[in-house]
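Topology and contacts: notes
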Amino acid sequence: MKILVIEDEPQLLQNIVVSMEKEKFLVETAIEFNQALDKIFNYDYDCILLDVMLPNGSGLDILKALKKEGKTENIIIISAKDSLDDKLTGLDLGADDYLTKPFHLAELTARVKAVIRRKNLQGNNNIILSNVALDINNRLCLVNDSLVHLNRKEFEILCYFALNINRLITKSALAEHVWGDHYDDADNFDFIYYQMKNLRKKLNESNAQISIEAVYGVGYKLILL
Amino acid sequence: MKLLNQSLKYLSIAILIIVALWSVVFYYSMLHEIKDAADEELENQKRLIIQNTLTDSIIIDKKHFDESLYTIQKVGTNEALAAKDQYFDTTILMQDDDDENPEWEPVRMLTSVFKVENNYYQLNIANPIIEQNDLVKALFWNIVALYLLLILSIILINNIILKKLWMPFYKFLEQLKSYKIENAKPLAISDSNITEFNDLQVAVDQMNQYNLNAYNRQKEFIENVSHELQTPIAIAINKLELLFEDGQLQNHQSEMLAETHKILLRLTKLNKSLLLLSKIDNRQHSELTQVSINKLVHEIKDELDDYISSKNLTINSLKDEPLFKKMDNAHATIMILNILKNAIIHNIENGVIEISIEKNQLIVANTGIPKSLDQDKIFNRFHKGNTSQSNTGLGLSIIKAIANLYALQISYQYRDGKHFFIIKF
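Residues numbered from 1 in each chain as written. Chains lettered and ligands numbered in written order. Predicted model: local features only at pLDDT ≥ 70, side-chain atom pairs only at ≥ 80, totals over all residues. Heavy atoms only, no water.

Right, let's talk about the overall build of chain B for a bit. Looking only at helices and strands, chain B has nine helices and 11 strands in total. Looking at chain B as a whole, 39% of its 425 residues are labelled buried. Once local pairs closer than 6 in sequence are excluded, the contacts in chain B between residues at least 24 apart make up 67%. With the model as given, the accessible surface of chain B reaches about 25,200 Å², and the carbon-plus-sulfur share is 56%. (Helix = DSSP H or I, 4+ residues; strand = E, 2+ residues; numbered from the N terminus. Buried < 20%, exposed > 50% of the residue type's maximum accessible area, 1.4 Å probe, protein only. Contact = heavy atoms within 4.5 Å. Areas by Shrake-Rupley, 256 points an atom, 1.4 Å probe, with all protein chains shown as cover.)

Okay, structure coming up:
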């Protein structure tokens, strides 16, 4: 899987590259408009992460150029602007997703994988983790082909982890992804603990060959047993 | 004291002094005129009497002032030669028509000496003049009347003309009184034909423009700062997360990094709240729609369910009367979210939240610390009622800012061990 990251902020770029490489993606970078155009039209990528504000041009113009050339790359816009207009314009111009800066790396990973899966799998949207199968479309969890009942939140947590195997998901990233923006008040993340406890219990009882481990009190990661 | 009354005060004092001085001058000049006239009369009489004595020697010796008011006496030559015509004020015993008995009345007296057939005679002619007391009295009352008339006219002039003249000023003042910089409404300048008022309005308007610019720059600055801080903070958080993933940390290192991570999250949240506040203050809102407060409260309450159950709180819906308000849906959501979150965060374990939606108000009450909060300060930015670490101290300010934007009234009460937050729609 080849990914192009177009981003002019070097430290942010580096973080994304390191994170993507951990997912075994082949990562290339562009730090300004012309370099980005050059790479896009000379190579094919499975996913392009596109910053809107670039030196020498706008990311939206890159989208326009792609559309004109009829190229149908998977594109995720990463923008500092949290404005609905920008989002709609971007999606209108053929972007597949829109992520507002700042974002959690786990969220970016999940979005990239989701976008790639959506294009490649065409309808059949299952994630297999050892003896656990997640049917995303029907929201079902099967362990050794038998159904395990998960509530809505438990299922979403598991999906999020499934897209970030062996990666740290911080509590705040988890709260934001599963519970929504309303839960950014990190007064305490007790509510995560309760759901995690139940989820782990259910996975354990059904002999799932996966486990969710706590990491330094800042978050969790899913490992395959 | 009002300008009108103040000017009246000074004018009446000034006029009092002027009138008093003038009346003294007037009195003396009147007196002078009266005496002049009397002297002229005496001079005439003198000529007549002397002529008469030349033709009628009977009257040559007349010792008493009677109805004709003169005396003639023979005097010695030496005395006569030394004498000159003399005018002076004196009194003689006389009976006026309003007197019962003769009284001493003031007169102007001429003493003169004339010669008839080698004999010298002294002539005293008296001419009654007005009593000075009477003059003073008459003058005084006239002056008082004049003074009162002047003051009355000034009051009238002040009230009718000056009030009209100052009208543009008072109108402008009213505008200034109700002026709020957040509303950023330009001052309506009324065209008056008085230069000073126009100058004042122009000067105030310029000052206002200047302040408005400074205020806007300030707001923009806060927004820009928050915006610019977002990315570096996010980068730092991401780097920490990558470091945690490496998994080769000692216990105490990971503890410190976890703390740092938490603080950075707090910083992000603080920054987001500031950004939100400046957006609200900058009146950035999309279209207004008729928002059902009931629906929003129930939706948000459901969304916060895990928060509520993690603290084992009980929520009681006391009243649920339909309540609608025309506002930006995002603002309504943030406001209700913050008021409910506030009730959760500052609640105690196993506490209670009471929600009451009435015809024109939303009341959220929660258990919490058992004492009243400082209601003058709780809506201020960064006011922290308790020592909660991760609390930004901006939640209530955000509610207040939105309330201000839609002219809603927000208030706080503490009673029966509960903290009541009331939004009046």
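Our focus in this paragraph is unusual backbone geometry. All names here are of chain A. Residues Lys101 and Pro102 are joined by a peptide bond in cis, for which omega reads -5°. Non-glycine residue Asn56 carries a positive phi angle of around 75°. Here Asn56 is to be found in the loop between β4 (53-54) and β5 (57-58). Take Asn56: its relative accessible area is 57%, and that puts it in the exposed class.

Residues and elements named next belong to chain A. At a closest axis distance of 10 Å, the pairing of helix α7 (residues 171-179) and helix α8 (residues 190-205) adopts a crossing angle of 80°. The angle between α7 and α8 places the two elements in the roughly perpendicular class. Only Phe191, Ile192, Gln195 and Met196 of α8 make contact with α7, whose side of the interface consists of Lys171, Leu174, Ala175 and Trp179. Across the contact of α7 with α8, the residue classes tally to six nonpolar, one polar and one charged. (Axes fitted to C-alpha atoms, helices over the stretch in contact; angles between N-to-C directions. Parallel < 35°, antiparallel > 145°, perpendicular 65-115°, else oblique. Nonpolar A, V, L, I, M, F, W, Y, C, P; charged D, E, K, R; others polar.)

Taken as a whole and judged by the stated rule, the model has two cavities of 30 Å³ or more. By volume, the largest cavity amounts to about 50 Å³. For the largest cavity, the full set of lining residues is Leu105, Ala106, Thr109, Asn164, Arg167 and Leu168 of chain A together with Glu241, Leu242 and Glu245 of chain B. Counting residues per element, the ones that place at least two in the lining of the largest cavity are α5 (105-121) of chain A together with α4 (195-246) of chain B. Of the residues belonging to the lining of the largest cavity, the class tally is four nonpolar, two polar and three charged. (1 Å grid on protein atoms, 1.4 Å probe; cavity = no way out; pocket = protein on both sides within 12 Å on 5 of 7 lines; lining within 4 Å. Points joined across faces, edges and corners; volume = space filled by probe spheres on them.)

Residues and elements named next belong to chain B. Pairing is mixed in the open sheet, where five strands are placed in the order β6-β8-β9-β11-β10. Two strands close off the open sheet at either side, each with one partner strand: β6 (314-320) and β10 (409-415). Recorded for the sheet is a direction-independent mean angle of 15° between the axes of neighbouring strands. Along the sheet, helix α6 (residues 293-303) makes contact with β6, β8 (352-357) and β9 (361-367), crossing β6 at roughly 170°. The sheet contacts of helix α8 (residues 329-345) involve β8, β9 and β11 (418-424), and relative to β9 the element is tilted by about 20°. (Pairing = 2+ DSSP bridges.)

Worth remembering: the numbers are spatial, not functional.
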